[in-house]
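Reading the structure
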Amino acid sequence: MIKIEGLKKSYAGRPVLQGIDLTVEPGEFLVVLGPSGAGKSTLLRCINGLVQPDAGRTLIDGKVFDTKSKARGEQPVAMIFQHHNLVKRLSVLKNVLVGRMAGLSSILTMLQLFPKRDVEIAMEALARVELPHKANSRGDQLSGGEQQRVGIARALAQQPAVILCDEPVASLDPKTSRIVLGYLKAICKEKGIAVICNLHQVDYAVEFGERIVGLSGGKVVFDDTPDHLTAEIVHQIYPGLEDPGIGRVLKPRAAARQPILAPLVATATA
Ligand SMILES: Nc1ncnc2c1ncn2[C@@H]1O[C@H](COP(=O)(O)OP(=O)(O)OP(=O)(O)O)[C@@H](O)[C@H]1O
Ligand SMILES: [Mg+2]
């Protein structure tokens, strides 16, 4: 279980996170929505031990995880980025093996010598995203969607308690985005790995998220299941957003509760 308690972070005196409390269960697929600058990436960086919060802490299975844990090489948190972050000149398999490096001595890492068991784990992870046949291809010989699937395999090979995803489909087309999010969600469920996924797209959040957290101004302004996400709440999360398409993706029950939706839906379906 991931427990985030009272996280606060400011940059140059400007508060970015203003006290975030969240508990995420193993196998839960949580989507974080929020406008640019809301603090989504900062939240993930604090959870991942890349940034030390000014206050608060993250507990993973009851144990504090922070920048010091990360420096010690503890790896309960895997990260997936928008731009895949594969090493282009390395093979796909070696890119996935990066997820196993924490347990290796620096000399083995330098020589790129990996124990047989690690290679097996990496190949299993590649098979899970249906890319075992690409194991020997160079990272830059894959399409964007395939590269992101390798990113998922690398995270999976790390055998983490939680996978953090920062806009994992922002640079992919809609069909590929759904494929990538589909793999992520299936893996989350099968392996009981908690996933915290920052997204900009409300429609994907509703389609894939089991729970949605809306972040605005560094605070949680919504924390519930997608069927409780209304147009009014979406407008609260994204102040000033003029996107009539939002009404389309919300469930009728949620829409019906909010009269504000009526003109939006009318515009969207006109
Ligand atoms: N290392 C840093 N130094 C100074 N300011 C920072 C730093 N990292 C983030 N910020 C600021 O914190 C705020 C939140 O940034 P963050 O990247 O967390 O937003 P975000 O919600 O991920 O936005 P986006 O959707 O555009 O990725 C921004 O105003 C940003 O400029
Ligand atoms: Mg961001």
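Definitions and limits used
Residues numbered from 1 in each chain as written. Chains lettered and ligands numbered in written order. Predicted model: local features only at pLDDT ≥ 70, side-chain atom pairs only at ≥ 80, totals over all residues. Heavy atoms only, no water. UniProt positions renumbered as here; feature names shortened; annotations may be inferred. 1 Å grid on protein atoms, 1.4 Å probe; cavity = no way out; pocket = protein on both sides within 12 Å on 5 of 7 lines; lining within 4 Å. Points joined across faces, edges and corners; volume = space filled by probe spheres on them. Helix = DSSP H or I, 4+ residues; strand = E, 2+ residues; numbered from the N terminus. Nonpolar A, V, L, I, M, F, W, Y, C, P; charged D, E, K, R; others polar. Core = buried A, V, L, I, M, F, W, Y, C linked by side-chain atoms within 4.5 Å. Buried < 20%, exposed > 50% of the residue type's maximum accessible area, 1.4 Å probe, protein only. Polar contact = N/O pair within 3.5 Å; in protein donor to acceptor, adjacent residues only side chain to side chain. Contact = heavy atoms within 4.5 Å. Near = heavy atom within 4 Å. Areas by Shrake-Rupley, 256 points an atom, 1.4 Å probe, with all protein chains shown as cover. Salt bridge = Lys/Arg side-chain N within 4 Å of Asp/Glu carboxyl O. Pairing = 2+ DSSP bridges. Axes fitted to C-alpha atoms, helices over the stretch in contact; angles between N-to-C directions.

An unreviewed UniProt entry annotates the chain as Phosphonate transport system ATP-binding protein of Bosea lathyri. Database annotation for the chain, UniProt heading Sequence similarities (unreviewed entry): "Belongs to the ABC transporter superfamily."

Our focus in this paragraph is the layout of surface pockets. Remark: the empty space left among the atoms is shown by a probe the size of a water molecule rolled over them. If you add up the space inside the largest pocket, you get close to 320 Å³. In this structure, the largest pocket is lined by 18 residues; those nearest its centre are Lys70, Gln75, Val77, Met79 and Gln158. Counting only elements with at least two residues in the lining of the largest pocket, the list comes to β6 (77–80) and α6 (144–157). Split into classes, the residues belonging to the lining of the largest pocket amount to 8 nonpolar, 7 polar and 3 charged.

Attention now moves to the nonpolar core. Counting 51 residues, the largest nonpolar core has Leu33, Leu126 and Leu229 as its most contacted members. Within the second largest apolar cluster, 26 residues are counted, among which are Leu7, Leu17, Met79 and Leu164.

On to the side chain of Ser69, then. As for its placement among the helices and strands, Ser69 is situated in helix α2 (residues 67–71). Owing to a relative accessible area of 1%, Ser69 belongs among the buried residues under this scheme. Of the polar contacts made by the side chain of Ser69, one reaches the backbone nitrogen of Asp66; its length is 2.8 Å. When sequence neighbours within four positions are dropped, the list of residues in contact with Ser69 reads Val64 and Glu74.

We now examine the site of ligand 1. Taken together, 14 residues lie around ligand 1, and Arg14, Ser36, Gly37, Lys40 and Thr42 are the ones closest in. Residue Arg14 places a side-chain N or O atom 2.4 Å away from an oxygen atom belonging to ligand 1. Contacts to ligand 1 include Ala38, whose backbone N or O atom sits 3.2 Å from an oxygen atom. Expressed as a share of its isolated accessible area of 640 Å², the protein-covered part of ligand 1 is 60%. Among the elements of the structure, β2 (14–24) and α1 (40–47) are those that each provide at least two residues to the shell around ligand 1. With 4 residues, α1 is the single largest residue contributor to the shell around ligand 1. Tallied by class, residues from the shell around ligand 1 come to 4 nonpolar, 6 polar and 4 charged.

Take the pattern of salt bridges next. Applying the stated criterion across every chain, the model contains 15 salt bridges. The salt bridge involving Lys9 is made with Asp54; its shortest N-O contact spans 3.7 Å. Highlighted residues: Lys9 in strand β1 (residues 2–11) and Asp54 in the loop between α1 and β4 (55–60), separated in sequence by 45 residues. Residues Glu74 and Lys63 are paired through a salt bridge, measuring 3.4 Å at the closest nitrogen-oxygen approach. Residue Glu74 is found in the loop between α2 and β6, and its partner Lys63 is found in strand β5 (residues 63–64); the two are separated by 11 residues along the sequence. Residue classification places Glu74 among the partly exposed residues on the basis of a relative accessible area of 23%. Taken together, the salt bridges that share partners define one network made up of Lys116, Arg117, Glu120 and Glu124.

A few words on the sheet that holds strand β9 (residues 211–216). Spatial ordering of the open sheet is given by β6-β7-β8-β3-β9-β10, a layout of 6 strands whose pairing is mixed. Of all the strands in the sheet, just β6 and β10 (219–224) have a single pairing partner and so form its edges. Each strand axis lies, on average, 20° off the axis of its neighbour in the sheet, ignoring direction. With 5 bridges joining them, strand β7 (residues 162–166) and strand β8 (residues 194–199) adopt parallel strand pairing. For Ile163, the partnering residue across the bridge sits in β8 and is Val195. Packed onto the sheet, α1 meets β3 (29–33), β6, β7, β8 and β9 and runs at close to 155° relative to β8.

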